[in-house]
Amino acid sequence: MNEVIKAEGLTKIFNKNLIAVDHISFSVKDGEIFGFLGPNGAGKTTTINMLITILKPTEGKASILGYDIVKQAHEVRKLIGVVPQEYTADEDLTGYENIILCADLYGIPREISKKRAIELLELVELKEFKDKKVETYSGGMRRRLELACGLINRPKVLFLDEPTLGLDVQTRTATWEYIKKLKEEYNMTIFMTTHYLEEADALCDRIAIIDHGKIIVTGTPSELKDSLGGDIITISIKENADVSEIIRNVENVKDVKNENGSYRIKAIYGEVTAPLIIEALRKRGYTVTRLSLTEPTLNDVYLEYTGRSIRDMEESKEDFRARRITLRRARA
Amino acid sequence: MSSINEYRPSLLRGLWALTLRELKKWLKDPIMLLMFILQPLIWMGLLGKSMNIQGIFSSSSLSRIQIHDIEIPGKFLNLPIDKVIIPSAVISQLLQQMFSNISTTVMQNVFGVVDYFSYMAVGMVSMIVMTTTMFSGMSIVWDRRLGFLDKVLSTPVSRAAIIFAKILNATFRAIFQATVILILAYILGLQLSQTFTLFNILGVYAAIFLLSVGFSSVFLAFSIRSTRMERPMQFVSLITMPLMFASNTFFPISLMPEWIQIIARVNPLTYLTDAIRQLTILQLNISSLIIDFIFLSIFAVTLSIIGITLSWKYLTK
């Protein structure tokens, strides 16, 4: 079986008019880390919730290892592991008790689950805290505990929803290491959502950029960067005028976007083209005040396809509250 | 390597795991546990002891009554004297004696027991059973908000286990609290009837179980749809008062106005309270006990069907 996850025209409409996920189709191959990248409210979590069978699609279908997510939900649930966005571990219980609870929900016999729980706690380096209540854990520890819980049933497919939400940079990097280590250890296929670009770049084999419920582009991180067709030159000018046309006529310039007075220019051979642009502008009497030249990053890919860099919170009140609780606990 | 498909997550296994979680949460919070015990203790101490209904019949209640000497003219008695005087002191003494004799009879007729404390302590048990079962289903609001419910739903555990774990947990708590209150009440002077045996306790538990199942499943269905804790909380405080007072919890129904009696007759609390009284402090009347149990069963079955259906619909939507 090569295609582990397969979605065809998957759609979710809330309250009959809010289209959260709009006819998306994609497939994830065996052993891949597949990333869903997109701004807040793009439909990432809704997609994951459909795949993990807690939300029924309005239209379309999807299957995991050949099992339909609606008709064979029970089979799907046995095969997958889920690490949700929120910290779902019970604060009043210890880390160990939480893992055993998860194991019980999968019906794993105690003699096996006890061994596995210790093994997993060792792997995420929580063994010495196993008998401490989760309320004493830090954000990073909680995240690791969630990872361990999600792996108790040795899932074939692991779903990670914003695995590093609210964590500081060090903890985030450490979490990536755990994810890589776990993947190697258990040889799983991983489906993850994130809005951290460097996270997608560091972890994912393939990425789908999703916005307004639609997949805009899919590819490996380097494919996506290459698709931008060259380097990015950003310049600002002193004068308050639109000089897009002047820049566009410079040799090797492929595209110009005016973003509030600063120009994002796509060009091949950026280091040669940049001086030509300055020259062209000076001839017309404009003064360049800033210039930067970058080889494309995933960030550029992202901005290229989703347009804006800051997104209004398009979340429901409840999601927002849940996120706030998660963030608060992460900081605790 | 063994395949994960081998494990069959059974309903009972999941049910026990989730129930155990709730109970652990509860037992690990000693302050909450203490409050659960303190609350009925305070109620019993204050209400049961302060509403000293027997005291009304004590001689001191008559202390300021104005009693005059009674003069009986001699001719009414066919006596050759002018008049007979019965001094007020004699009348007063007689009256007081009679009054305290009446006390026992009045209490027996109105409350069925001689002391109000025993009557009220049992009412207390059903009140606590009611509030505990209503509140304990509410934890699902948090489970949902913190994402725990979603995580559980993504596992192969039976959805029925999620619902029954909440109901079972409510019942366990109610039974635990009822036991504590009854023991405390006994220490504080609750008088058991001659028909009481330890076996009757099982009957008490059965009655509590029926009420708990009914209430907790309906409240679960209600809470599962609420995004905020405040809504079900407000609802509980709205209905506990009327349910408590329009019943025999603290006072006999027979003395209430007709319209309250109608409410009290359909109020499950009335039947729970009567069942527990029959089994503990009253001279056991089998036929009224059977009626109590029939009503409680109807209540439990109806409400749990409604509650479980609604919750099930929500969880599998």
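The residue numbers shown here count from 1 along each chain, following its written sequence. All chains are assigned letters beginning with A, and all ligands numbers beginning with 1, in the order in which they are written. For a predicted model such as this one, the threshold for reporting local features is a pLDDT of at least 70, and the threshold for listing and counting side-chain atom pairs is 80 or more; totals across whole chains, interfaces and linings nevertheless cover every residue.

Draft legend 1. Geometry of the overall build of chain B. In terms of regular secondary structure, chain B is built from 12 helices and two strands. If you list the helices and strands of chain B from N to C, you get α-α-β-β-α-α-α-α-α-α-α-α-α-α. Radius of gyration (C-alpha) of chain B: 27 Å, far over the 20 Å computed for a compact globule of 317 residues. Dimensions of chain B, computed from the C-alpha atoms along their principal axes, are close to 120 × 35 × 35 Å. Per-residue burial over chain B gives 38% buried out of 317 residues. In this description, any two residues whose backbone-derived C-beta atoms lie within 7 Å of each other are considered to be in contact. Put simply, of all contacts in chain B between residues at least 6 apart along the chain, 79% involve residues at least 24 apart. Helix and strand definitions here come from DSSP, where helices need a minimum of 4 consecutive H or I residues and strands a minimum of 2 consecutive E residues; each element is numbered from the N-terminal end. The globule rule is 2.2 Å times the number of residues to the power 0.38, and the radius of gyration it is compared with is taken over C-alpha atoms. Three exposure classes are used, based on other C-beta atoms lying within 10 Å of a residue's own C-beta, which is placed from the backbone: buried for 20 or more, exposed for 12 or fewer, and partly exposed in between.

Draft legend 2. Structural detail: the pairing of strand S2 (residues 18-29) of chain A. Residues and elements named next belong to chain A. With eight bridges connecting them, strand S1 (residues 3-14) and S2 associate as antiparallel partners. When the sheet's bridge partners are listed, Ile13 is paired in S2 with Ile19. The hairpin turn running from S1 into S2, its antiparallel successor, is three residues long, and Asn15 in that turn takes a positive phi close to 50°. Two strands pair under a simple rule: DSSP has to find at least two bridges between them.

Draft legend 3. How the structure looks around the interface of chain A and chain B. On the chain B side, the residues contacting the 28 residues of chain A number 28 residues. Looking at the side of chain A that touches chain B, the elements with two or more residues in it are helix H2 (73-79), helix H3 (95-105) and helix H12 (317-331) of chain A. The residue classification treats Ala, Val, Leu, Ile, Met, Phe, Trp, Tyr, Cys and Pro as nonpolar and Asp, Glu, Lys and Arg as charged. All others, Gly included, are polar. By residue class, the composition of the side of chain A that touches chain B is 12 nonpolar, five polar and 11 charged.

Draft legend 4. Representation of the sheet that holds S1(A) within the structure. Taken in spatial order, the four strands make up an open sheet running S2-S1-S4-S5 (chain A), and their pairing is antiparallel. Each end of this open sheet is capped by a strand with a single partner; those strands are S2 and strand S5 (67-68) of chain A.

Draft legend 5. Quick peek at the sheet that holds strand S11 (residues 231-237) of chain A. Residue and element names in this part refer to chain A. The four strands lie next to each other as S12-S13-S11-S14, forming an open sheet whose pairing is antiparallel. The sheet is open, and its two borders are formed by strand S12 (253-259) and strand S14 (288-294), each paired with just one other strand. With strand direction ignored, the average angle separating the axes of adjacent strands in the sheet is 20°. Judged from the six bridges that link them, S11 and strand S13 (residues 262-267) form a sheet pairing that is antiparallel. Counted as the bridge partner of Ile235 is Tyr263 from S13. To get an axis, fit a line to the C-alpha atoms, keeping to the stretch in contact for a helix; angles then go from 0 to 180 degrees between the N-to-C directions. Taken strand by strand, helix H10 (residues 270-283) contacts S11, S12, S13 and S14, and its axis lies near 25° from that of S11.

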